[in-house]
Amino acid sequence: MKIKDFKTPLALVTVLFILAGLAYWDEKKTGTDKVASEEKSKLFDFNVQDIVDITVDNPNSHPSTWSLKKEEGVWKVVNPITYAADNEGVGRLLKILADAKFEREFELTDMDLKGFGLDKPQLSYSLVDKNGKPWLFAIGSKSPTGYSSYLKTTDTKHVYLANQYLFTATNKGLNDFRNRSLFVPPADEIQSIEMIWPDLPALKVERKDKDWEMMTPLITKADTIEMNKLFGGWDQV
């Protein structure tokens, strides 16, 4: 077989290699450009784990202002009451803010804050990280289409337009951050229970070995089966 007989197949293989290389490069570049574009449109660049203080101002909730603080890795409500906070709930909120992206941005010279509904925001979060750096997130009025909202951040030169979902996902009240779990002893350690209702006699039952006995408003044997049902989900309260 003559050498020239190999020229056509060799040329085709070379072309295929070149096309494959171009396709790989284009795909890689597209992926890189997409990541860069998404990073550029992010509102914040803080690390969720670094945030240690949160102050919330929500005029449509009661109370309208409250604060949370992280101490030794645990969140708690510090104003207007001191109470354990829902660590997972606070973490989810911070993750939403850290991932938040804007659709458009405007120079503040185009219109004042009042024109965007940001002179009196519907909702605002003031965050502080462990180094004392502040982060502001405030949502103003909806856009004319109603599908997006205007918001501002620590950047005082711009106003941003973001999907209305961001307002829905962050429109929280104090009760959304409170730890709702109750401290209760293990069911098998409980020796007595007293239930009190307004305008009714108190009901008290005591454990007697494996059974239960009612002590008030009268002394009689209690229904052990019903008591066991009561304690069925006790440890999950």
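The structure under discussion appears in the preceding block.
Residues numbered from 1 in each chain as written. Predicted model: local features only at pLDDT ≥ 70, side-chain atom pairs only at ≥ 80, totals over all residues. Heavy atoms only, no water.

Enquirer: When you look at the sheet that holds strand E11 (residues 203-208) in this model, what are you seeing that I'm missing?
Expert: Strand pairing in a sheet relies on backbone hydrogen bonds. The paired strands run either parallel or antiparallel. The antiparallel open sheet is built from 4 strands, whose spatial order is E10-E11-E12-E13. Lying at the two open borders of the sheet, with one neighbouring strand each, are strand E10 (192-195) and strand E13 (220-221). Alignment of E10 against E11, held across 4 bridges, turns out to be antiparallel. Residue pairing in the sheet places Glu194 in a bridge with Lys204 of E11. (Pairing = 2+ DSSP bridges. Helix = DSSP H or I, 4+ residues; strand = E, 2+ residues; numbered from the N terminus.)

Enquirer: Would you mind showing me how to read the pattern of salt bridges here?
Expert: Pairing is possible between side chains that carry opposite charge, provided their charged atoms lie close to one another. All chains considered together, the criterion is met by 8 salt bridges. For Asp50, the salt bridge goes to Lys130, with nearest N and O atoms at 3.4 Å. Of this pair, Asp50 sits in the loop between helix H1 (7-40) and strand E1 (51-57) while Lys130 sits in the loop between strand E6 (123-129) and strand E7 (134-142), and the two are 80 residues apart along the sequence. The shortest N-O distance in the salt bridge between Asp99 and Lys95 comes to 2.4 Å. In this pair, Asp99 and Lys95 both sit in helix H2 (residues 87-99), 4 residues apart, roughly one turn of the helix. Since its relative accessible area comes to 34%, Asp99 is described here as partly exposed. Owing to a relative accessible area of 46%, Lys95 belongs among the partly exposed residues under this scheme. Three or more residues are tied together by salt bridges with common partners; here these are Lys204, Glu206 and Lys208. (Salt bridge = Lys/Arg side-chain N within 4 Å of Asp/Glu carboxyl O. Buried < 20%, exposed > 50% of the residue type's maximum accessible area, 1.4 Å probe, protein only.)

Enquirer: Where do I start with the nonpolar core in this structure?
Expert: Inside soluble globular proteins, nonpolar side chains tend to come together where they are buried. Judged by nonpolar contacts, the single largest core of 32 residues is most densely connected at Phe46, Ile54, Leu68, Tyr125 and Leu127. Elements represented by at least two residues in this core include exactly E1, strand E2 (65-71), strand E3 (74-79), H2, E6, E7, strand E9 (158-163) and helix H3 (165-170). Ranked by residue count, the leading element in this core is H2, at 5 residues. If we ignore the near neighbours within four places in the chain, the residues touching Ile54 are Trp66, Ser67, Leu68, Trp75, Val90, Leu94, Tyr125, Ser126 and Leu127. In terms of nonpolar packing, the next biggest core, distinct from the first, is built from 10 residues, Ala187, Ile190, Ala222 and Phe231 among them. (Core = buried A, V, L, I, M, F, W, Y, C linked by side-chain atoms within 4.5 Å. Contact = heavy atoms within 4.5 Å.)

Enquirer: Looking at this model, I keep getting lost on H2. Mind explaining?
Expert: In an α-helix there are 3.6 residues to a turn, and that puts residues three or four apart on one side. Spanning 13 residues, H2 covers 18 Å between terminal C-alpha atoms, matching the ideal 18 Å at 1.5 Å per step. Buried within H2 are the following residues: Gly89, Val90, Leu93, Leu94, Leu97 and Ala98. Looking at the buried residues of H2, the elements they touch are E1, E2, E3, E6, E7 and H3. At the N-terminal boundary of H2, the capping side chain belongs to Asp86, with an oxygen 3.2 Å from the backbone nitrogen of Glu88. (Expected span 1.5 Å × (residues − 1). Polar contact = N/O pair within 3.5 Å; in protein donor to acceptor, adjacent residues only side chain to side chain.)

Enquirer: Honestly, the packing of aromatic side chains in this entry has me stumped. Any pointers?
Expert: Here the distance between the centres and the angle between the planes together describe a pair of aromatic rings. If you walk through the whole model with that rule in mind, you get 10 aromatic pairs. The interplanar angle of 65 degrees and the centroid separation of 6.0 Å between the aromatic rings of Phe106 and Tyr150 together place this pair among those described as edge-to-face. With Phe106 in strand E5 (residues 104-107) and Tyr150 in strand E8 (residues 148-153), this residue pair connects regions lying 44 residues apart in the sequence. Residue Phe106 shares its accessibility class with Tyr150, and that shared class is buried. (Phe/Tyr/Trp six-rings, centres within 6.5 Å; stacked < 30°, edge-to-face > 60°.)

Enquirer: Help me understand the sheet that holds E7 in this model?
Expert: The strand order across the open sheet formed by 9 strands is E4-E3-E2-E1-E6-E7-E8-E9-E5, and the pairing between neighbours is antiparallel. Among the strands making up the open sheet, the edge pair consists of strand E4 (83-84) and E5.

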